[in-house]
Amino acid sequence: MGEDNLQSHPNWNAILQWSLRFQDEPSENRVLEPLDQERREFLMRAFEDYAAMTEDPVKSMRRHLEVIKNPASSKEDCVVALEEIAFHAEDIDEANDLYLMGGLQVCCAYIKHYDPELQSLACEVIASAVQNNEKIVQFASETFVLSDLLKLVDTAQHEMVRVKSLLAVSCLVRGNKGALDKFNELDGCNVIVRSLQSPVPKLQLKSLFLLSSICLDAPDQCKVYNSMGVPQQLFAMCSKFSTEDHTAETHDASILITLKLLHTLAIHSKVDFPHDALTSFTTLRDSLGGDRFKEERTFCTLLIKLRPPSTDGVDR
């Protein structure tokens, strides 16, 4: 840069202006001066050091792929490699690079691995890669990936594997008609209904979220889930919620999603309300105090209004 001043190099000027904003000295006392040679060289070395530490994403993914492809790699090294690949896959361009270099296929093979931690991480890679990426959604739907993920949701022995595989299924199916059609073809409806019955809170919550998304995106699916008894499961959950203490933050999401899903099903299909529905929803609504439960109370009221009128004097 030689004798050039700051005004000739707006990037340097912007950097200096930014750094000055964080100085203790009042702005009116600051004097903006050209960088001397020593300070220029210091900044250049700092930028070069940062660039050296910032590895090209494609090179990084190739390096990590070599680790998970090597049978001699330790579990610890594979865990780190899959975590890094999952991080890269969150970027749609990097996810495409991963797919084009054949890396996604390698990661997908790990969902059949015997180690539950590596299985879970492979599911995370898939969940990251498929979001808003039609090409990868098509790949996962048309190959073994979706089928194997559903098997893990249904039969995996390790709780975290079931949760992470359901996360991947949810990311794959939500908002993707082709993937939803394949999901239905693979009997995904029954898989998700069974996972809804799980005693594992995280699995139940993710099942609720996926079901709610499916029914909102494709209202014709409501009749399917109604015929499978999903509303009855949701009514039972609401009845249980009405007897619980709702001071814990962890219960908020499941209550709201349950009520929203039940409301969606009731609007788009003929739902049979149980005889104690009025009491259940009224009790639940009254137990949900404060502003943070405002939306939940609204849905309780909406469901009470959707309840068909009683013809025999019994609470319906």
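Residues numbered from 1 in each chain as written. Predicted model: local features only at pLDDT ≥ 70, side-chain atom pairs only at ≥ 80, totals over all residues. Heavy atoms only, no water.

Engineer: Would you mind going over the overall build of the chain in detail, with residue names and values included?
Structural biologist: Across its full length, the chain holds 18 helices and zero strands. For the chain, the share of sequence-separated contacts (at least 6 apart) that also reach a separation of at least 24 residues comes to 68%. (Helix = DSSP H or I, 4+ residues; strand = E, 2+ residues; numbered from the N terminus. Contact = heavy atoms within 4.5 Å.)

Engineer: So what about unusual backbone geometry? Which residues, and what values?
Structural biologist: Look at Asn132: it is not a glycine, yet its phi comes out positive at around 60°. Here Asn132 is to be found in the loop between helix H7 (116-130) and helix H8 (134-142). With a phi angle near 65°, Asp187 is a residue other than glycine that sits in the positive phi range. Note that Asp187 resides in the loop between helix H11 (177-185) and helix H12 (188-196).

Engineer: Which residues make up the nonpolar core, and what values do they have?
Structural biologist: Phe183, Tyr225 and Phe281 are the most contacted members of the largest nonpolar core, which totals 88 residues. With nine residues, H7 is the largest single contributor of residues to this core. Each residue touching Phe281, except ones within four places of it in the same chain, is listed here: Phe235, Cys238, Leu259, Leu262, Phe273, Cys300, Leu303 and Ile304. (Core = buried A, V, L, I, M, F, W, Y, C linked by side-chain atoms within 4.5 Å. Buried < 20%, exposed > 50% of the residue type's maximum accessible area, 1.4 Å probe, protein only.)

Engineer: Outline the pattern of salt bridges, supporting the account with residue identities and numerical values.
Structural biologist: As enumerated under the stated definition, the model contains eleven salt bridges in all. Between Lys112 and Asp148 there is a salt bridge, with its nearest N and O atoms 3.3 Å apart. Of this pair, Lys112 sits in the loop between helix H6 (103-109) and H7 while Asp148 sits in helix H9 (residues 145-155), placing them 36 residues apart in sequence. Given the relative accessible area of 57%, Lys112 is considered exposed. Residue Asp286 pairs with Arg285 through a salt bridge whose shortest N-O separation is 3.9 Å. The exposure class assigned to Arg285 is partly exposed, which follows from its relative accessible area of 25%. (Salt bridge = Lys/Arg side-chain N within 4 Å of Asp/Glu carboxyl O.)

Engineer: Can you explain H11? Please cite residues and give values.
Structural biologist: All of the buried residues in H11 are Ala179, Leu180 and Phe183. What you see down the axis of H11 is that its buried residues fit within an arc of 100°, all on one side. Across H11 from its buried face, at more than 90 degrees, point the exposed residues Lys177, Gly178 and Glu185. Buried positions along H11 lie against H8, H9, helix H10 (159-173), H12, helix H13 (201-217) and helix H14 (221-227). Directly after H11, the chain includes Asp187, whose backbone phi takes a positive value near 65°. (Arc of directions from axis to C-beta.)

Coordinates in, geometry out; function isn't part of it.
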